[in-house]
Amino acid sequence: MEISLLGPLEARADDGTRLDLGGVRLRRLLIRLALDPGRAVSVAALVDAVWAEDVPANAVNALQALVSRLRRAGFPVEAAPGGYLLRIPADAVDAVRFERLTTAGRAEEALALWRGEPLLEAEDAEFAQVTLARWATLRDEVSETLFARQIEAGTVELAALQEWVAARPLRDRPVELLMLALRAAGRGPEALSAYERHRELLADQLGADPGPALRQLHVDILRGDSESVPVKGPRTNLPAQRTSFVGRDDDLLRVRETLDRSRLVTLTGPGGSGKTRLALEVARGLLPAYPEGVWLVELAPVTKPEDVAPAVVSALGARARALRKDVFFDAADPLDRIVSVLAEHRTLLVLDNCEHVVDAAARLVDELLAACPLLRVLATSREPLGVPGEALWPVEPLRLPPPDATVAQALTFPVVQLLRERARAVRPDFEIDEASVAICRALDGMPLAIELAAARLRSMPAGQLADRLDDKFRLLRGGSRTALPRHQTLRAVIDWSWDLLGDDERRGWQRLAMATSVISVDLAEALLGPDAVDVVGALLDKSLIRVEGSGYRMLETIREYGLERLAESGAEAEARKAWTEYFVELAEAAEARLRTADQLPWLRLLEAEHDNLLSVLRWAVGHGQKETAVRLIAGLGWYWWLRNYRAEAAVLVEDALNLPGEVPVRHFALAKVFSAVIYVETFGDFEYATCVLQEAARIARGHESEHPMLRLAEPMRALMSSGINGLGSEAEILAEYFDDPDPWVAATARALHGHAAINLGWDRAVAVGDFEAALARFRELGDRWGLALVLDALGTIANNAGDYAAAAQYARETIALSEELGAQEDQVQQWMNLAWALYLAGESAAVDDAIETATRLAQDATQPHVHAVVSFGRGNMARLAGDLPGARRLMEAALVQLGPASAAPQFRAMIRNGLGLTLAAQGEYAAAAREHRTALEDGLSAGDSPIVGMVLIGLADLAERQGDPAKAATQLGAAAAIVGVEDRAVVDRARVESAVRTALGPSAFTEAVERGRAYTMENVLELL
């Protein structure tokens, strides 16, 4: 696929076919995604790009609809954390190629890509204005480079140059080029006139004078100085390129832009991130822009601060001879000698590896910038120089492919391309596989580490290397013999950073290395004490941590090194104590607020600390710290439930509870409650979960007032352990909590009672009353989980009553709440609920969008039933649309996805009933009967009357197809009696009832239905 932005928007498939781009909003969306190919663009940025000021009320859903249209048009748009990405190679977009070609100095090729005015569809959007301004600047720079080459070669067309200059009246460089061209053509007076016109225009419009370079050229022409080009002789000492440069095209462009704005740019970053290589490539690309010289000063060999200036003198020696600067050789002061060469010339100085002599380098740079107005400096250092006017550019590790990327997708990422290219240099037959991608991931995308790994691949398969990278410091050795000693092994790279630190900074590195994800300011203070801010700032300056969101993060390789040093220090026990106490206290402080209107910020906080919290729990379990582990479970159990981390937590919870030792009753009972609900959801083992909950209820007796979940342990146990016969009496236990002093307990009891009423087939008014009472309480509390629970139930009731519009609205409200909570797996069911309500309402176009959203959300689900939800919903609609083979395939897939166990036998019953209906329609009556019987048994085991009623309608369908309308009518009567209402969401009922009524006649039909009404949940199996 190719997308062209540098002119009217065009897109072509791989075979060259032009793709339909639709309306303006669709084109805006494609443009914004194409500006960052292969990268996630946030929902907010996409909404701004598409709608600007005219944002619709439900912008997220509107954006999803546009994304769906793009996908249907053939564009590979994928969901990404917080947004979407266009999965195409960067070079497939002409604008990206243009920027890369400009950076590489390939002016003719870059300009050839322009076809006309770009981004016309989005020119009023802010993102387009910024982009167009950047492209215009780059286009001017490329044109300048091209004109400069033509002037030097004597091939410039003066008319074209004059037209180009006239379009840019306020810039010095175009006028400078025109003056050089005119003088080279022997038209000095015209050059002087051009200067005067420009000077007057600047004075009138800006109140400014031309820059020093242009003024100097004016003086040279006035004097009749014929030397209009840079002095002959060496213009650079940059080493020739020996290997290809991979993966930093954006950095090249941005560093160039930064150098245009700032006279000092420092590339910072950890050792091995590629600062030196990036600086050299930037410098090579800027040679045309600095005709008077680009000079590299390698400071790595310098060991004394006083030798920094002499190192610059040494680098400039050849240039001084070419300029015949006698003062350079006569002056004793190194600074005077440097200034004599640089003061009057537009020069770029590259100072490489400043970190170990950073103070001396900073002083020298400060003095040079003050004395040499045309000088620019590009420095590399693991920490900033700290000079006024310094602009920093952090050189980050190469971006890693997403965890679910295929090998083909991973190969579009420069980090993987780098490994392939360097590995093929030592093993020509090397091919990228999953192990190769894992190597890139394990090495944080650090270029030096990747190159060391590539060298190791000469003698070791990628799979073996990937498996051994937990010992990466021993394994990654043997880099280039000509490289600096600290770049020959991975350990040496990081040892160099360690050796440059003070004691407080080393202690900070060791302690912060315990964090497995983001390091918050609060965590840093808990681990480091009152000096945390200063220590963190020092580590940040030295590129050992980096800013991420509102906190900091340490690369995994640096973290592992810090943990090694912590273990050697003898202070690990003390550090671990502070680490565990911080996270236990955080979990306990957050837990109580997760049932209030403040739940969202606390959920975000726990989400930010998710990996850290789990690492503490794993460490506590692995080291037998039972109280720490159980307190964490008690604090995190409800968070895990709300955010669908149930499967992730289940095994850890069980391991923690089985540790030896005593734990305070409150924490232990609460951990047991969460263990039960998480286990039943994850593994579907009701029997085991019931036993755990029974034990939790027993332990909690006498402590119920200490936590809302402990108050509900007994009624939850009663509901879970009751069979068909006992559910009614057990449900009434919940009524005892309707006026509980804790409003959350009262609301939850009402909601659970409402669900029990539906399952028991009671009067729907009872359930509606329960849900409305619960809704009012949850609204007062601001608990979005409770609101979603109740609104979802009210949506089901509305669907059953045939009020499909209300059901759809309830589903939308539920989805909005779950989106706020971040409960992605819950949203899958809710989107399918919305799809079903829309289907029943006949809104077919909206149905497709809802299903597509559910499918996208299900991609990352860990619970098997989440995938089954989508397959079943699609299969049911396919069956009703007459696509019986497709329906059967989807229903069977849903059963496979669900696996042998399920937390909800009701759902298994629904799938088997749908499969039975499909098989019956295909004439496979025996197979259909088996599915319906199993479905009925599942529904009865759960004591769920609506499910039993649904299956009975499926059985009636089968009986009618087999020519037994009387049996079918009896089963319809049993369904109505057991459910208590006519369920209009079961759309097969009307069809079956009509056929049976016609076959029997009114009187016989009524008699058969009445016979069916005598059946109950206890004896309905007799109908089989």
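As the structure is a computational prediction, the values presented were derived from the model and not from experiment. (Residues numbered from 1 in each chain as written. Predicted model: local features only at pLDDT ≥ 70, side-chain atom pairs only at ≥ 80, totals over all residues. Heavy atoms only, no water.)

### Some thoughts on the overall build of the protein chain
Inference 1: The number of helices and strands found in the protein chain is 51 helices and 12 strands.
Inference 2: Within the protein chain, buried positions represent 54% of all 1024 residues.
Inference 3: Look at the contacts in the protein chain between residues 6 or more apart in sequence, and 67% of them connect residues 24 or more apart.
Inference 4: Considering the protein chain, the positive charge centre built from 110 side chains and the negative charge centre built from 148 side chains are found 5 Å apart. (Helix = DSSP H or I, 4+ residues; strand = E, 2+ residues; numbered from the N terminus. Buried < 20%, exposed > 50% of the residue type's maximum accessible area, 1.4 Å probe, protein only. Contact = heavy atoms within 4.5 Å. Lys, Arg positive; Asp, Glu negative; His and termini not counted. Charge placed at Lys NZ, Arg CZ, Asp CG, Glu CD.)

### As for the sheet that holds strand β3 (residues 41-42)
Inference 1: Spatial ordering of the open sheet is given by β3-β5-β4, a layout of 3 strands whose pairing is antiparallel. Looking along the sheet, the strands with just one partner apiece sit at the ends: β3 and β4 (77-80).
Inference 2: The pairing of β3 with strand β5 (residues 83-86) spans 2 bridges and is classified as antiparallel. Note that in β5 the partner of Val41 across the bridge is Tyr84.
Inference 3: Across the face of the sheet, helix α1 (residues 24-34) comes into contact with β3, β4 and β5 while running at roughly 75° to β5.
Inference 4: Together, β4 and β5 form the strand contacts of helix α3 (residues 59-72), whose direction differs from that of β4 by roughly 145°. (Pairing = 2+ DSSP bridges. Axes fitted to C-alpha atoms, helices over the stretch in contact; angles between N-to-C directions.)

### Topic: the side chain of Ser675
Inference 1: Examined against the element boundaries, Ser675 turns out to sit in helix α33 (residues 665-683).
Inference 2: Ignoring sequence-local partners within four residues, the contact set of Ser675 consists of Val653, Leu657 and Val692.

### Considering helix α26 (residues 532-541)
Inference 1: The set of residues buried in α26 consists of Ala532, Val535, Val536, Ala538 and Leu539. Buried residues of α26, seen end-on, are gathered within an arc of 160° and therefore sit on one face of the element. Away from its buried face by more than 90 degrees, α26 exposes Val533 and Asp534.
Inference 2: Where α26 is buried, its residues touch α24 (503-512), α25 (521-528) and β12 (551-553).
Inference 3: Ser543 sits one or two residues past α26 and shows a positive phi near 65°. (Arc of directions from axis to C-beta.)

### Side note on the sheet that holds strand β10 (residues 390-394)
Inference 1: Across the sheet, 5 strands lie side by side as β7-β8-β9-β6-β10; this open sheet has parallel pairing. The sheet is open, and its two borders are formed by β7 (294-298) and β10, each paired with just one other strand. If you compare each strand with its neighbour and ignore which way they point, the axes differ by 20° on average.
Inference 2: Running at roughly 175° to β10, helix α11 (residues 249-261) makes contact with β6 (264-268), β8 (347-352), β9 (375-381) and β10 of the sheet.

### Quick look at the packing of helix α27 (residues 556-569) against helix α28 (residues 572-591)
Inference 1: Close contact between α27 and α28 brings their axes to 7 Å; oriented N to C, the two are set at 120°. On the basis of the axis angle, α27 is oblique to α28. Contacts from Leu563, Leu566, Ala567 and Ser569 in α27 reach Glu572, Ala575 and Arg576 in α28.
Inference 2: In terms of residue class, the contact of α27 with α28 is made up of 4 nonpolar, 1 polar and 2 charged. (Parallel < 35°, antiparallel > 145°, perpendicular 65-115°, else oblique. Nonpolar A, V, L, I, M, F, W, Y, C, P; charged D, E, K, R; others polar.)

### A word on the packing of aromatic side chains
Inference 1: For the structure shown, the criterion picks out 15 aromatic pairs.
Inference 2: Measuring from centroid to centroid gives 5.4 Å for Trp836 and Tyr839, while their planes differ by 10°, and the two rings are stacked. Here the residue Trp836 and the residue Tyr839 both occupy positions in helix α42 (residues 824-840), the gap between them amounting to 3 residues, near one helical turn.
Inference 3: Overall, Trp836 belongs to the buried group, its relative accessible area being 17%.
Inference 4: Its end group placed over the ring of Tyr290, Arg346 keeps NZ or CZ at 4.6 Å from the ring centre.
Inference 5: Directly above the aromatic system of Trp744 lies the positively charged group of Arg595, at a separation of 5.5 Å from the ring centroid. (Phe/Tyr/Trp six-rings, centres within 6.5 Å; stacked < 30°, edge-to-face > 60°. Lys NZ or Arg CZ within 6 Å of the ring centre and 35° of its normal.)

### Some remarks on the pattern of salt bridges
Inference 1: In this structure the tally under the stated criterion is 52 salt bridges.
Inference 2: One salt bridge connects Arg565 with Asp495, and the closest N-O pair in it is separated by 3.7 Å. Taken as a pair, Arg565 in helix α27 and Asp495 in helix α23 (residues 490-499) lie far apart in primary sequence, 70 residues in all.
Inference 3: Through salt bridges with shared partners, a single network forms among Arg879, Asp957, Arg961, Asp988 and Arg991. (Salt bridge = Lys/Arg side-chain N within 4 Å of Asp/Glu carboxyl O.)

### Comments concerning the environment of Asp534
Inference 1: Secondary-structure assignment places Asp534 in helix α26.
Inference 2: Note on Asp534: relative accessible area 60%, which makes it exposed.
Inference 3: Considering only alpha carbons, one finds Asp534 and Glu505, 29 residues apart in sequence, at a separation of 9.1 Å.

### Here we look at the pairing of β5
Inference 1: Residues Gly83 and Leu85 line one face of β5 and the alternating positions Tyr84 and Leu86 line the opposite face, and both faces are buried.
Inference 2: Linkage of β4 to β5, two consecutive antiparallel strands, is achieved through a turn of 2 residues, within which Gly82 is found at a positive phi near 80°.

### Remarks on helix α20 (residues 447-456)
Inference 1: The element α20 is extensively covered by neighbouring structure, given that 7 of its 10 residues are classed as buried.
Inference 2: Taken together, the buried positions of α20 are Pro447, Leu448, Ala449, Ile450, Leu452, Ala453 and Ala454.
Inference 3: On its buried side, α20 packs onto α18 (414-426), α19 (434-442), α21 (462-467) and α23.

### Focus: the environment of Ala575
Inference 1: Secondary-structure assignment places Ala575 in helix α28.
Inference 2: You can call Ala575 buried: its relative accessible area is 0%.
Inference 3: Between the C-alpha atom of Ala575 and that of Val651, which follows or precedes it by 76 residues, the distance is 27 Å.
Inference 4: Among all residues touching Ala575, those that are not within four sequence positions of it are Arg511, Met514, Leu527 and Leu566.

### Notes on the confidence of the model for the protein chain
Inference 1: Residues with a pLDDT of 70 or more make up 94% of the protein chain, whose mean pLDDT is 86.
Inference 2: Of the regions scoring below 50 in pLDDT, residues 226-232 engages in 10 contacts with residues more than four places distant in sequence or in other chains. (pLDDT = per-residue confidence, 0-100.)

### Some words on the pairing of β7
Inference 1: Most of β7 is tucked away, with 4 of its 5 residues classed as buried.
Inference 2: In the sheet, β7 pairs with β8 via 5 bridges, with the strands oriented parallel. The partner of Trp295 across the bridge, within β8, is Leu349.

### Overview of the nonpolar core
Inference 1: Formed by 145 residues in total, the largest nonpolar core has its most connected members in Trp509, Leu512, Trp638, Trp640, Trp744 and Phe778.
Inference 2: With 11 residues, the top contributor of residues to this core is helix α31 (residues 626-642).
Inference 3: Here Trp638 is in contact with Glu591, Leu594, Arg595, Phe674, Met709, Trp744 and Trp785, once residues within four sequence places are set aside.
Inference 4: Counting residues in each nonpolar core, the second largest holds 52 residues, with Ile31, Ala59, Ala125 and Val142 among its members. (Core = buried A, V, L, I, M, F, W, Y, C linked by side-chain atoms within 4.5 Å.)

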